[in-house]
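Examining the three-dimensional arrangement
Single-letter residue listing:
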Amino acid sequence: MRVNVTVNGEQRQADDVWEGESLLFVLRERLGLPGSKNACEQGECGSCTVYLDDVPVCACLVAAGQAQDREVRTVEGLAEGDRLDPVQEAFVEAGAVQCGFCTPGLVVQAHDLLDRVPNPSDPEIREALAGNLCRCTGYEKVLDAVRLAASRR
Amino acid sequence: MDFLRPETLAEALELKASRPDALPIAGGTDVMVELNFDHRRPSALLDLTRVPELQRWEEGLRIGAGVPYARIIDELGARLPGLAMASRTVGSPQIRNRGTVGGNLGAASPAGDTHPVLLASDAVIEVASVRGTRMIPAAEFYLGVKRNALEQDELIVAVHLTPARGPQQFSKVGTRNAMVIAVCSFAISLFPRENRVGAAVGSAAPTPRRAPEAERFLASALDFRDPKPLPDSVKREFGELVSRAASPIDDVRGSAAYRKHALAVMARRTLGWAWQELLDGERACA
Ligand SMILES: Cc1cc2nc3c(=O)[nH]c(=O)nc-3n(C[C@H](O)[C@H](O)[C@H](O)COP(=O)(O)OP(=O)(O)OC[C@H]3O[C@@H](n4cnc5c(N)ncnc54)[C@H](O)[C@@H]3O)c2cc1C
Ligand code: FES
Ligand code: FES
């Protein structure tokens, strides 16, 4: 089937989409947006987190057809041209990126948190990121990055 | 595979009647895992996320099957504290943004977190087909492991719940605070004006189920008109009766013996919290 979806503000079209395919597969394999990562395909790791109509979701658990005529924003859509989003900058500066596999999902999820809660407490940060797994950093620097981004916004 | 995309409830019911083989998909948090791992190959998916009737709630309360957990917590948390507590324990923020009570009921897993709350709070499930509407009390909805009372042509439309008339609590045992399938779970609702108690267990029998003996014992042991601090003996007996209502199995998440023990502990504790809330309320009024 054909899927029409707005991605990062641009009207996009994907063809020959299998009806059981995930939005994550469409983004990565058909629309050339490999920012969102595929690690578990079962909602456990959060590395595929994207905005769907302004709500962060696991793209691996959205059927591609459900995104028809909806708006998706991926990690690729956070920077403005060459200017990184403050959350992305903070991740770099705080050393919150090691292998980087979890980073896109964490960045989108943290971005949403700071939009809703400009000055989150530590428990609020932990709760917001509870669905994002990182095997490298031990999370401390991730928390530092979110605190840093909050202080700058 | 076909992808069916109804825009109204009437259209969704027509499609379900003509294609009983079509698998409904709401938040997709159960369905997509099965598709991604090749555990299921339905001949069609019936996308319910565009059906407006399912995405809203009305006073009463009638909660559309497609309202995600995040909205139940934000919009109904004050009126449905038990359901909100259970919703907060589901998966992660991303899962709660997408997953729905309708999907929990559709999957009918014995471990589904909303089930004990729906049972303890006398929820009624509204299901519909082109043949008409049926109102099914939660206690009659769960038929077996991952089996519910839906006919092939029916969809879950809404859950009916009255705003809490007394304290409600929910408790769940798992290995961490997020992303955990319940080892076992428990919900309690007090109905002070009716002198009644609702209590139900999850993940501790082939289906979620009520604990009627525990409910009866507690209703007679509690003095709702003149609440006093509860003797430990009442809490302990209640815990025992709740535990006895379960028929758990040994599995990877826990042994049957552990589940029985944990249920008694959760029942005692949640009763303590609920009763304290009632006492505090009395004091505030006095
Ligand atoms: C990472 C992860 C963590 C999870 N954690 C928890 C947890 O802590 N607690 C818990 O209880 N569950 C958990 N789940 C399971 C799942 O999120 C819940 O069962 C959720 O309520 C399913 O809702 P959904 O809208 O996503 O359902 P879907 O996946 O869309 O559907 C689930 C089932 O219900 C049917 N269905 C859906 N809507 C209707 C309808 N209106 N009428 C008829 N049938 C319908 C579908 O056909 C399917 O069989 C988790 C899942 C994941 C992936
Ligand atoms: S790939 Fe989607 S949550 Fe892991
Ligand atoms: S940086 Fe490697 S998984 Fe997080």
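Note that the structure is predicted; figures quoted are calculated from it, not measured.

1. Examining the domain arrangement of chain A
Residue and element names in this part refer to chain A.
- Parsing chain A into structural domains produces domain 1 (3-76) and domain 2 (86-152).
- Each of domain 1 and domain 2 has a C-alpha centre, and the two are 21 Å apart.
- Taken together, the 15 residues of domain 1 in the interface contact 13 residues of domain 2.
- The interface formed by domain 1 and domain 2 holds 5 residue pairs in polar contact (both at pLDDT 80 or more) in total.

2. Here's the deal with the site of ligand 1
- What surrounds ligand 1 is a group of 36 residues, the closest being B:Pro24, B:Ala26, B:Thr29, B:Tyr69 and B:Thr100.
- Mapping the residues adjacent to ligand 1 onto the chains of the assembly identifies chains A and B.
- B:Ala26 places a polar main-chain atom, nitrogen or oxygen, 2.7 Å from an oxygen atom of ligand 1.
- Between ligand 1 and B:Val180, the relevant distance is 3.1 Å, taken from an oxygen atom to a main-chain nitrogen or oxygen of the residue.

3. What to know about the layout of surface pockets
Residue and element names in this part refer to chain B.
- Approximately 220 Å³ is the volume attributed to the second largest pocket.
- Met 85, Arg 88, Thr 89, Phe 170, Ser 171, Lys 172, Val 173, Gly 174, Arg 176, Asn 177 and Val 180 together form the lining of the second largest pocket.
- If you list the elements that add at least two residues to the lining of the second largest pocket, you get α4 (81-88) and β11 (168-173).
- Broken down by element, the lining of the second largest pocket gets its largest block of residues, 4 residues, from β11.
- When we break the lining of the second largest pocket down by domain, the ones giving at least three residues each are domain 1 (2-108 + 124-160) and domain 2 (171-285).

4. Topic: the packing of helix α3 (residues 69-76) of chain B against α4(B)
All names here are of chain B.
- Orientation of α3 relative to α4, taken along the N-to-C sense of each, is 140°, at an axis distance of 9 Å. As far as their axial angle goes, α4 and α3 are oblique. Along this stretch, α3 crosses α4, giving a crossing that reads as left-handed. Here Tyr 69, Ile 72 and Ile 73 of α3 lie close against α4, whose contacting residues are Leu 83, Ala 84, Ser 87 and Arg 88.
- Its residues placed into classes, the contact of α3 with α4 shows 5 nonpolar, 1 polar and 1 charged.

5. Description of the domain arrangement of chain B
All names here are of chain B.
- As assigned here, chain B comprises domain 1 (2-108 + 124-160) and domain 2 (171-285).
- A C-alpha centroid distance of 27 Å is found between domain 1 and domain 2.
- Taken together, the contact pairs 7 residues of domain 1 with 6 residues of domain 2.
- Each partner contributes to the roughly 610 Å² buried at the junction of domain 1 and domain 2, and carbon and sulfur atoms together form 65% of this total.
- For the domain 1 face of the interface with domain 2, the top three residues by lost area are Thr 89, Gly 91 and Tyr 142, together amounting to 59%.
- Between domain 1 and domain 2 we count 0 salt bridges in total.
- At the junction of domain 1 with domain 2, the criterion picks out 2 residue pairs in polar contact (both at pLDDT 80 or more).
- In terms of residue class, the side of domain 1 that touches domain 2 is built from 3 nonpolar, 4 polar and no charged.

6. A look at the pattern of salt bridges
All names here are of chain B.
- The tally for this structure, following the rule as stated, stands at 29 salt bridges over all chains.
- Between Arg 19 and Asp 21 there is a salt bridge; the shortest N-O distance is 3.1 Å.
- For Glu 75, the salt bridge is made with Arg 71, and the minimal N-O distance between the two is 2.9 Å. Here Arg 71 and Glu 75 lie together in helix α3, a separation of 4 residues that amounts to about one turn.
- For Arg 71, a relative accessible area of 27% corresponds to the partly exposed category.
- One network of salt bridges, with partners in common, ties together Asp 122, Arg 165, Glu 194, Arg 196, Arg 210 and Glu 215.

About the cut-offs
Residues numbered from 1 in each chain as written. Chains lettered and ligands numbered in written order. Predicted model: local features only at pLDDT ≥ 70, side-chain atom pairs only at ≥ 80, totals over all residues. Heavy atoms only, no water. Domains from an automatic or database assignment. Contact = heavy atoms within 4.5 Å. Polar contact = N/O pair within 3.5 Å; in protein donor to acceptor, adjacent residues only side chain to side chain. Near = heavy atom within 4 Å. 1 Å grid on protein atoms, 1.4 Å probe; cavity = no way out; pocket = protein on both sides within 12 Å on 5 of 7 lines; lining within 4 Å. Points joined across faces, edges and corners; volume = space filled by probe spheres on them. Helix = DSSP H or I, 4+ residues; strand = E, 2+ residues; numbered from the N terminus. Axes fitted to C-alpha atoms, helices over the stretch in contact; angles between N-to-C directions. Parallel < 35°, antiparallel > 145°, perpendicular 65-115°, else oblique. Left-handed = near helix turned anticlockwise from the far one by under 90°. Nonpolar A, V, L, I, M, F, W, Y, C, P; charged D, E, K, R; others polar. Buried area = accessible area lost by both parts, 1.4 Å probe. Salt bridge = Lys/Arg side-chain N within 4 Å of Asp/Glu carboxyl O. Buried < 20%, exposed > 50% of the residue type's maximum accessible area, 1.4 Å probe, protein only.

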